[in-house]
2 protein chains.
Amino acid sequence: MKFGGTSVADLDRIRFVAERVATEISKGYDAIVVVSAMAGKTNELIASVTGSSTFYDAREYDAVVSSGENVTAGLLALALQELDIPARSWQGWQVPIRCSSAHAAARIESISTVNINLKFAEGMKAAVVAGFQGISAEGRITTLGRGGSDTTAVALAAAFQAEQCHIYTDVDGVYTADPRICSKAQRLDRISYEEMLELASLGAKVLQTRSIELAMRNHVTLRVLSSFESVSDASGTLVCDEEKDMESKVVAGVAHSRDEAKLTLISVADRPGIAATIFGALGEAGVNVDMIVQNISEEGRTDMTFSCPTDQVFFAQRALECIKQDGILNYSELVADTDVAKVSAVGIGMRSHTGVAARMFKVLSEEGINIKVITTSEIKISVLIERKYMELAVQSLHDAFHLENVGASAVEMDTGLC
Amino acid sequence: MKFGGTSVADLDRIRFVAERVATEISKGYDAIVVVSAMAGKTNELIASVTGSSTFYDAREYDAVVSSGENVTAGLLALALQELDIPARSWQGWQVPIRCSSAHAAARIESISTVNINLKFAEGMKAAVVAGFQGISAEGRITTLGRGGSDTTAVALAAAFQAEQCHIYTDVDGVYTADPRICSKAQRLDRISYEEMLELASLGAKVLQTRSIELAMRNHVTLRVLSSFESVSDASGTLVCDEEKDMESKVVAGVAHSRDEAKLTLISVADRPGIAATIFGALGEAGVNVDMIVQNISEEGRTDMTFSCPTDQVFFAQRALECIKQDGILNYSELVADTDVAKVSAVGIGMRSHTGVAARMFKVLSEEGINIKVITTSEIKISVLIERKYMELAVQSLHDAFHLENVGASAVEMDTGLC
């Protein structure tokens, strides 16, 4: 069971979480509970680090920032003890959760089950583990990067061969679209790892991308639930291996991402190796390039368009101007359009159904929405559009793919094997 | 070097501390720096623990409360790095500082110097150690109790055979009396461990009692300094082994403690074992009995008077009523006087000088101050008086023992060996 920052925001919320854990334990389970820092605490700690040092030592960042989860773990253990549940807290180094030395962005390398299993054998019913952290081979504290507690939870579920991994959050599951934008959005009862992965990378913030990859690789059955609802209502969304009947839904959901920017290099020399030069420089500058489009070449010159998160535009501009000044790249102009958004349709049914892209483009065109860039994968189609049309695009696509019925049909399917 | 909570209260103060450490390192020293939690943080964490659980698990208390020091240690390491000092933070378990399993009141059992010395050999100049914490044989985090960072600092100084142990605090040294009460109070340039120990147990809050004992046992030369003054002014007070010339000062200082209470058991059966019964019960109830006086017995019955901290009066009353109801102890009445204070004169010169007690009682009597209880040790005399006379008593005794000259004469003596 994993509880995020808003689920453990104060002592009352922590008590509520303890009751939730107690309910699971009353069913005969032993529980491993992963907790984030209380909402706001991590940001507060990060502010103290960035206030201390401009170019900070990531090892000290980790030592400071990890303390938020340690506090929550101790407090939840105490709240569980108040309910007569034998519980104790575990910091990353106590488990231990061994990580790479890539501080502030560490990867979990291995988890020892010995210490926790020993305590389960001695009667402990709940192991409350501080999320988001581990220990490096050098004995330093490492953190997994923002949202890393999801990854901690999935990795523990895999290591302990847990029956299920419940991710409690401030929404009650995965939706066909963001309900704040699309009032007809339906909660999905089930979704495949692949679809969830696409949705997460496309802007759905319900689960961290890495945690989904890890769950997929280890066949950890995830359930996304609300920690704010009472226990009886909570079925949430199951994230699991794909099943036959899932393919009947061509599109599982519509995702959107507001913070996109489109950059175009005008009149670049169209010769082999030029793309490698451009995107090599952007990669070194830490720019996450998403979509790439190269226009038809005229007289040996071409326009190169790509998208990246809005807050990386400055770094992209600086990197490209730099290689222009060094004479490595020649272009006439760099045009940045920060007024765009990305809208995507995702569904494993696309593999076997044709015409999804055509239907999507037709719907957008009927609404008068101009498509600036298109990218596709086996199970998703993404378009970059003017930001002011984002909500309209999400709503229209939701309607066009009849996603308002997905929830209902999925409920009927819930007697299946998944 | 040890810096308390007010010395590291915010990022500006931490930067100031970093400069202080850098100055010492510029003299050619390697530094071990012990830090407390930022002022107020420990109380905040304790409140979250007591808010979670009425009878809390001290192991979880320690896991939560220790996080405050971890944050400061990381932030100070970062501030030192900003000054180009190779520094890193060390949590108790990373040193490791091995402690007993008496959670929330652990004792340091051993300190390994291997890990830190290895890093010093690799070029680290400052090891920033989280104070107040360690690790138990079971691998759980332990804390040393309030003020434990002083003890961490002295224990590290002993383990690493440090040349000196500097305790930076919000006062600039040890005074002949509390300057807030006695305007003539002088800073002492030197004081013996024994005197410091008495002053600390008698209410002077500048150093934790256990840290002084530990320093005395290991001959760690302590210097109490202000972390708020600029470096050049800071000589502070040296706490060291006693020297010949120290005895010329009969009284080194006057201490006071406001939060005292006097309890009297009226008409107790005066028979062997009755004191053991009374103080056994009080000890079990966690009452720190300080002074004890038994009045002259009349007709086989006696009055027993003792003092304890004001906030323990309730527990003392309950314990004594309990053994009365059980028929173990018989007394007619229990009278509690919470309106008293303790004033003490301390000095190793008392060993060789007589008449100190007589002079003290004469001074108080001349001021019309009635003495309620007296206790003495080889180097101190304490009296319990009405609280309203506390300031007057401190000032009168300070005058009577000419303590306004102590600072000046001590300055002259500062060319000595100590």
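Placed above this text is the structure.
Starting from 1, residues in each chain are numbered consecutively following that chain's sequence as written. The lettering of chains begins at A and the numbering of ligands begins at 1, in the order of writing. Side-chain atom pairs in this predicted model are given and counted only at pLDDT of 80 or more, local residue features only at pLDDT of at least 70, and totals for whole chains, interfaces and linings cover all residues. Hydrogens and water are ignored here; the side-chain numbers use all heavy atoms of the structure.

Trainee: So, the packing of aromatic side chains: which residues are in play, and what are the values?
Mentor: All names here are of chain B. The pairing test for Phe, Tyr and Trp rings, Trp by its six-membered ring, is centres within 6.5 Å, and the orientation test on the planes gives stacked under 30 degrees, edge-to-face over 60, and tilted for anything in between. Under the defined criterion, the tally for this structure stands at nine aromatic pairs over all chains. When the ring of Tyr56 is compared with that of Tyr61, the centres are 5.2 Å apart and the planes differ by 10 degrees; the resulting orientation is stacked. Exposure is judged per residue with a 1.4 Å probe applied to protein chains only, and the accessible area is read against the type maximum: over 50% gives exposed, under 20% gives buried, and values in between give partly exposed. Residue Tyr61 is classed as buried on the basis of its relative accessible area, which comes to 9%. Ring centres of Phe279 and Phe306 lie 5.7 Å apart, and the angle between their planes is 85 degrees; on these two criteria the pair is classed as edge-to-face. Here Phe279, found in helix H9 (residues 274-284), pairs with Phe306, found in strand S15 (residues 301-309); they are 27 residues apart in sequence, far enough to count as distant. Only runs of H or I of at least four residues qualify as helices and only runs of E of at least two qualify as strands under DSSP, and these elements are numbered from the N terminus.

Trainee: Outline the interface of chain B and chain A, listing residues and values.
Mentor: In this analysis, two residues are considered to be in contact whenever any of their non-hydrogen atoms come within 4.5 Å of each other. Chain B puts 36 residues into the contact, and the matching count from chain A is 36 residues. Looking at the side of chain B facing chain A, the largest losses of area belong to Glu60, Leu78 and Trp93 of chain B, adding up to 20% of the total buried there. Here, a salt bridge means any side-chain nitrogen of Lys or Arg that lies within 4 Å of a carboxyl oxygen of Asp or Glu. For the interface between chain B and chain A, the tally reads two salt bridges. Where Glu44 of chain A meets Lys41 of chain B, a salt bridge forms, and the shortest distance between an N and an O atom there is 3.7 Å. At nine residues, the largest contribution of residues to the side of chain B that touches chain A is made by helix H4 (residues 67-82) of chain B. Gly is placed with the polar residues, together with every amino acid not listed as nonpolar (Ala, Val, Leu, Ile, Met, Phe, Trp, Tyr, Cys and Pro) or charged (Asp, Glu, Lys and Arg). Split into classes, the residues belonging to the side of chain B that touches chain A amount to 16 nonpolar, twelve polar and eight charged. By convention, the term buried area covers the 1.4 Å-probe accessible surface removed from two parts as they join, with the contributions of both added.

Trainee: Break down the packing of helix H7 (residues 193-201) of chain A against helix H8 (residues 209-218) of chain A for me, citing the residues and quoting the values.
Mentor: All names here are of chain A. Two elements in contact, H7 and H8, have axes whose closest approach is 9 Å; the angle formed by their N-to-C orientations is 170 degrees. Judged on the interaxial angle alone, H8 and H7 are roughly antiparallel. The crossing of H7 and H8 is left-handed. Facing Tyr193, Glu194, Met196, Leu197, Ala200 and Ser201 of H7, the residues of H8 in contact are Thr209, Ile212, Glu213, Ala215 and Met216. When its residues are assigned to classes, the contact of H7 with H8 shows seven nonpolar, two polar and two charged. Orientation is described by axes fitted as lines to C-alpha atoms, over the contacting stretch for helices, and by angles from 0 to 180 degrees between their N-to-C directions. When an angle is under 35 degrees it counts as roughly parallel; over 145 it counts as roughly antiparallel; between 65 and 115 it counts as roughly perpendicular; any other value is oblique. Whether a crossing is left-handed or right-handed is set by the direction in which the near helix is turned from the far one by less than a right angle, anticlockwise for left-handed and clockwise for right-handed.

Trainee: Run through the relation of the copies chain B and chain A, naming residues and quoting values.
Mentor: One copy of the chain maps onto the second through a rotation around an axis plus a translation along that axis. For the least-squares superposition of copies, only C-alpha atoms count, and only for residues with pLDDT at least 70 in both. When chain B is fitted onto chain A, the two copies agree to an RMSD of 0.1 Å after a turn of 180 degrees and an axial shift of 0.0 Å. Classification of the inter-copy transformation places it as that of a two-fold axis. Relative to the rotation axis, the closest C-alpha in chain B is found at Ser67 of chain B, a distance of 2.8 Å.

Trainee: Describe the packing of helix H2 (residues 41-52) of chain B against helix H3 (residues 58-65) of chain B, with residues and values.
Mentor: Residues and elements named next belong to chain B. Contact geometry of H2 with H3 gives a least axis separation of 9 Å together with a crossing angle of 145 degrees. When you trace H2 past H3, the crossing you get is right-handed. Where H2 approaches H3, its residues Thr42, Leu45, Ile46, Ser48 and Val49 are matched on the opposing element by Tyr61, Val64 and Val65.

Trainee: A description of the side chain of His398 of chain B should follow, citing residues and the corresponding values.
Mentor: Residues and elements named next belong to chain B. In this fold, His398 is placed in helix H12 (residues 390-400). What makes His398 buried here is its relative accessible area of 0%. Residues adjacent in sequence count toward polar contacts only when both atoms are side-chain atoms; beyond that, a polar contact is any pair of N or O atoms within 3.5 Å, and within protein one must be able to donate a hydrogen and the other to accept it. Separated by 2.5 Å, the side chains of His398 and Thr176 make a polar contact. In this view, His398 contacts Thr176, Ala177, Cys182, Lys184, Ala185, Gln186, Val254, Leu403 and Glu404; residues no more than four positions away in its chain are not counted.

Trainee: Could you give an account of the sheet that holds strand S17 (residues 371-377) of chain B, with specific residues and numbers?
Mentor: All names here are of chain B. Only strands that DSSP links by at least two bridges are regarded as paired with each other. Spatial ordering of the open sheet is given by S14-S15-S13-S16-S18-S17, a layout of six strands whose pairing is antiparallel. Among the strands making up the open sheet, the edge pair consists of strand S14 (292-294) and S17. In this sheet, neighbouring strand axes are inclined to one another by 25 degrees on average, regardless of whether the strands run parallel or antiparallel. Sheet topology places S17 next to strand S18 (residues 380-386); six bridges connect them, and they run antiparallel. Bridge pairing in S18 links Ile371 to Ile385. Relative to strand S16 (residues 333-346), helix H7 (residues 193-201) is tilted by about 150 degrees, and along the sheet it contacts strand S13 (253-269), S16, S17 and S18. Here H12 sits on the sheet in contact with S13, S16 and S18, set at roughly 120 degrees to S13.

Trainee: Got a sec to walk through unusual backbone geometry? Specific residues and values, please.
Mentor: Residue Pro96 of chain A is reached from Val95 of chain A by a cis peptide bond, and omega for that bond is -15 degrees. Mapped onto the secondary structure, Pro96 of chain A falls in the loop between strand S3 (87-90) and strand S4 (97-99). Backbone geometry places His219 of chain B, a non-glycine residue, at a positive phi of 50 degrees. Counting through the fold element by element, His219 of chain B comes out in the loop between helix H8 (209-218) and strand S11 (222-226). Of note in the backbone geometry, Ser267 of chain B takes a positive phi value of approximately 55 degrees without being a glycine. Checked against the element boundaries, Ser267 of chain B lands in strand S13.

Trainee: Requested: an account of the sheet that holds strand S16 (residues 333-346) of chain A, with residues and values cited.
Mentor: Residue and element names in this part refer to chain A. Strand order in the open sheet formed by six strands is S14-S15-S13-S16-S18-S17, with antiparallel pairing between adjacent strands. Edge positions in the sheet fall to strand S14 (292-294) and strand S17 (371-377), since each of these pairs with one other strand and no more. Adjacent strand axes in the sheet meet at a mean angle of 25 degrees, parallel and antiparallel pairs treated alike. This element, helix H12 (residues 390-400), spans strand S13 (253-269), S16 and strand S18 (380-386) of the sheet and lies at about 120 degrees to S13.

Trainee: Can you break down the state of the cysteines residue by residue, with the values?
Mentor: Residue and element names in this part refer to chain B. For the purposes of this analysis, a disulfide is any pair of cysteine sulfur atoms at a distance within 2.5 Å. Applying the stated criterion across every chain, the model contains zero disulfides over all chains. Free of any disulfide, Cys99 has its nearest cysteine sulfur in Cys165, 16 Å distant. Looking at Cys99, the relative accessible area reads 3%, which means it is buried. The thiol sulfur of Cys165 is not disulfide-bonded, and the nearest other cysteine sulfur, from Cys240, lies at 13 Å.

Trainee: So what's going on with the pattern of salt bridges? Which residues, and what values?
Mentor: For the coordinates displayed, the defined rule picks out 42 salt bridges over all chains. Its salt-bridge partner being Lys27 of chain A, residue Glu24 of chain A comes within 3.0 Å of it at the nearest N-O pair. By relative accessible area, Glu24 of chain A is classed as buried at 12%. Its salt-bridge partner being Glu242 of chain A, residue Arg351 of chain A comes within 3.0 Å of it at the nearest N-O pair. Of the two residues, Arg351 of chain A sits in the loop between S16 and helix H11 (356-366) while Glu242 of chain A sits in the loop between strand S12 (237-240) and S13, which places them 109 residues apart along the sequence. With relative accessibility at 35%, the residue Arg351 of chain A sits in the partly exposed group. Ionic contacts of the salt-bridge type, sharing partners, join the residues Lys41 and Glu44 of chain A together with Lys41 and Glu44 of chain B into one network.

Trainee: Break down the environment of Leu265 of chain A for me, with residues and values.
Mentor: Residues and elements named next belong to chain A. Of note, Leu265 is situated in strand S13. Overall, the relative accessible area of 0% leaves Leu265 in the buried class. Sequence separation between Leu265 and Asn330 is 65 residues, and the spatial gap between their C-alpha atoms is 9.5 Å. The contact partners of Leu265, leaving out residues within four places of it in the chain, are Ile278, Thr302, Asp303, Met304, Leu320, Leu329, Tyr331, Glu333 and Leu334.

Trainee: For the side chain of Thr237 of chain B, give the residues involved together with the corresponding values.
Mentor: Note on placement: Thr237 of chain B falls in strand S12 (residues 237-240). Once residues lying within four places of it in the same chain are set aside, the contact partners of Thr237 of chain B are Asp172, Gly173, Val174, Arg187, Leu188, Asp189, Arg190, Ile191, Leu222, Arg223 and Val224 of chain B.

Trainee: Talk me through the environment of Met124 of chain B; I want residue IDs and the actual numbers.
Mentor: Residues and elements named next belong to chain B. Checked against the element boundaries, Met124 lands in the loop between helix H5 (114-121) and strand S6 (126-130). Sequence-wise, Met124 and Arg210 are 86 residues apart; in three dimensions their C-alpha atoms are separated by 30 Å. In this structure Met124 touches Asp30, Pro86, Ala87, Arg88, Trp90, Ile116 and Lys119, once residues within four positions along its chain are discounted.

Purely spatial values, then, with no claim about function.
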